[in-house]
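# An overview of the molecular structure
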Amino acid sequence: MNDLKPGATIGILGGGQLGRMLSVAASRLGYRCHVYEPGAAPAGDVAQRLTTAPYEDQAALRAFAESVEVITYEFENVPTAALDLLESLRPIRPNRRALAVSQDRLAEKDFLTGIGLRTAPYRNVETESDLPAALAELGAPAILKTRRLGYDGKGQIRFSDVGQRDWTGAPSVLEGFVDFSAEISVIVARGAGGQVAAYDPGLNVHRDGILRTTTVPCGLPAGLLTDAVLIAARIANALDYVGVMGVELFVTAGGLVVNEIAPRVHNSGHWTQAGCAVDQFEQHIRAVAGLPLGDGQRYADVEMENLIGDDVLRLPELLGQPRSQVHLYGKGEARPGRKMGHVNRLR
Ligand code: AMP
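Conventions we followed
Residues numbered from 1 in each chain as written. Predicted model: local features only at pLDDT ≥ 70, side-chain atom pairs only at ≥ 80, totals over all residues. Heavy atoms only, no water. Buried < 20%, exposed > 50% of the residue type's maximum accessible area, 1.4 Å probe, protein only. Helix = DSSP H or I, 4+ residues; strand = E, 2+ residues; numbered from the N terminus. Pairing = 2+ DSSP bridges. Near = heavy atom within 4 Å. Polar contact = N/O pair within 3.5 Å; in protein donor to acceptor, adjacent residues only side chain to side chain. Domains from an automatic or database assignment.

Attention shifts here to the pairing of strand S12 (residues 210–216). Counted residue by residue, S12 has 7 buried out of 7 residues, so it is predominantly covered. Of the strand pairs in this sheet, strand S11 (residues 202–207) and S12 are connected by 5 bridges, and their pairing is antiparallel. Looking across to S12, one finds that Asn-204 is bridged to Thr-214. Taking the residues that link successive antiparallel strands as the turn, the S11-S12 hairpin has 2 residues, and the phi of Asp-208 there is positive, at about 50 degrees.

What follows is the structure, encoded as structure tokens:
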């Protein structure tokens, strides 16, 4: 694929806030976006075109692909059959391998350990009958996670006792509990020519399984941060990745443990909008379009706070805070747990 010329159209699968912010970044670089989303689409407010159709609609998928020059995505759970059709028509960046690995927690862990990285100890729990042996081997506490379609802590059951019998209802992996002191993430980008650029690792705080804040600098020793960046780069290189990827890591007494990878722009990278000359959204568009990457250098200390559910009611107060940048996603109803926007505070 050649570099995309200004005016070219980029296809984005998924029309949530990540697709919305990707569309804004693409338009700043002179590109157009066509968003494909089966449901409500905050990205549709800002993209040049929106297709509202299910991922099973072959005619809609075909028309979408034929209207764009390259296809990217803002979420990793696009059905395989849809990807097969799209890939026969246009390049998909990041590639299918990155998607296959991140769509399935077992494949992800096998891949990560296969390239020499540490993950939580894990066992494949294909069916409920595999659970007792897996629990006996890993011990408690442990966490059972569905292999597919889990996000924000959904599809997970915690086991405090090896005798406990609960089931997720779907093929799962059992993970041994990692005794971590902090959760960090690295937002790494890899260009079409193999160039790698990473942002400073951010410290992540979750509540009820949902990311609340990301803070940079994260206050951990420099050597650990270098390790984190090298791990992220190793993953990107091993996948021959093109685009931005989020790598979530646990900090433990024995070093870094990879929790999961997201083959897309990531909530914990929103701080780059206020901290860097080229933010993660522009970086992803640059990579997908075959342009040179920004360098990832950070120019400010930033705290990103997610606005979840009723948090948006604090809008007047948030707008009055100095050195703060408010982003709203244009979603209608502020339901509990729904990400409505975020604030980047320069510290
Ligand atoms: P995940 O959806 O896999 O990112 O898990 C959601 C959250 O659960 C993580 O951010 C951690 O806080 C916690 N968690 C997940 N897996 C483990 C583990 N193996 N050990 C300890 N905590 C975990």
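Once you've had a look at it, read on.
A separate point is the site of the ligand. Lining the immediate surroundings of the ligand are 18 residues, of which Lys-145, Gln-156, Glu-175, Val-178 and Glu-183 lie closest. The backbone of Gly-176 places a nitrogen or oxygen atom 3.1 Å from a nitrogen atom of the ligand. With respect to the ligand, the side chain of Glu-260 contributes an N or O atom lying 3.1 Å from an oxygen atom. Those elements giving two or more residues to the shell around the ligand turn out to be strand S6 (142–146), strand S7 (156–159), strand S8 (172–176), strand S13 (243–252) and strand S14 (255–262). When residues of the shell around the ligand are assigned to domains, at least three fall in each of domain 2 (121–176) and domain 3 (180–346).

In terms of domain boundaries, the chain breaks down into domain 1 (9–92), domain 2 (121–176) and domain 3 (180–346). For domain 2 and domain 3, the distance between their C-alpha centres works out to 28 Å.

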